[in-house]
Amino acid sequence: MYYRLIIATFMSFVFLIGCQTATNTSNENMDEGEIPKKPSETFQSGGYTMLGEKDRLGFIVSENETFQPEQGQKYMWHLWGSEEELDGSFKVIGIHEEGEKTTVVASKDLGGPNNGADAHTPSIMSLPKKGIWTLSAYVGDELFDTVTIEVE
């Protein structure tokens, strides 16, 4: 009976470690994987149209907005998550479809709830050239989520 308990405990431990490793691996490589071929979808929150992943990450865009290279625009980022996930500074790294990386939003503190989101922060974004860009958003050192845009 005692051996069954030890074996069950050991198997549970191995299972949990395996799940944690798989989760970490996918998050660590998310921003370095294949760049999606089409921009993220828009959604509504707090009366605004946002681009990103509903109930996770997005920024306010105007209807039929186009992104132009080297033109800085103000965007309000919105994040949905637990207090633990939203504890830390916010930054965004842009990854071009050809692999070029650039810091899009330097480290900023997150503000509280806004427009239905759990946290928000304003930013000025500018991307250097045309193409598909994946915007990898980090809170602290952890990848939070990504948004894909096309710079025309």
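Structural data are supplied above this passage.
Residues numbered from 1 in each chain as written. Predicted model: local features only at pLDDT ≥ 70, side-chain atom pairs only at ≥ 80, totals over all residues. Heavy atoms only, no water.

Peer 1: Mind showing me how you'd approach the overall build of the protein here?
Peer 2: Broken down by element type, the protein carries one helix and nine strands. Residue burial in the protein is summarised as follows: out of 152 residues, 34% are buried. Within the protein, contacts between residues separated by at least 24 positions form 55% of all contacts whose residues are at least 6 apart in sequence. Accessible surface computed for the protein: about 9300 Å², of which carbon and sulfur atoms make up 51%. (Helix = DSSP H or I, 4+ residues; strand = E, 2+ residues; numbered from the N terminus. Buried < 20%, exposed > 50% of the residue type's maximum accessible area, 1.4 Å probe, protein only. Contact = heavy atoms within 4.5 Å. Areas by Shrake-Rupley, 256 points an atom, 1.4 Å probe, with all protein chains shown as cover.)

Peer 1: Looking at this structure, how should I read the sheet that holds strand β5 (residues 90-96)?
Peer 2: To summarise the sheet geometry, strands pair through backbone hydrogen bonds and adopt either a parallel or an antiparallel arrangement. If you trace the four strands from one edge of the open sheet to the other, you get β6-β5-β8-β9, paired in antiparallel fashion. What marks the edges here is a single partner per strand, and that holds for β6 (101-108) and β9 (142-151). Looking at each pair of strands side by side, their axes are set apart by 20° on average, direction ignored. The pairing of β5 with β6 spans five bridges and is classified as antiparallel. (Pairing = 2+ DSSP bridges. Axes fitted to C-alpha atoms, helices over the stretch in contact; angles between N-to-C directions.)

Peer 1: Would you mind showing me how to read the nonpolar core here?
Peer 2: Nonpolar side chains tend to gather and get buried jointly when the protein is soluble and globular. By size, the foremost hydrophobic cluster in this structure holds 25 residues, and its most contacted members are Phe59, Trp77, Phe90, Leu135 and Ile149. The set of elements that each furnish at least two residues to this core consists of β3 (57-60), β4 (73-79), β5, β6, β7 (119-125), β8 (131-139) and β9. Those residues in contact with Phe59, other than ones at most four positions away along the chain, are Thr49, Met50, Leu51, Phe67, Tyr75, Met76, Trp77, Met125, Leu135, Val147 and Ile149. (Core = buried A, V, L, I, M, F, W, Y, C linked by side-chain atoms within 4.5 Å.)

Peer 1: What am I meant to see in the pairing of β4 here?
Peer 2: Pairing of β3 with β4 involves three bridges; the strand directions are antiparallel. Bridge pairing links Gly58 to His78 in β4.

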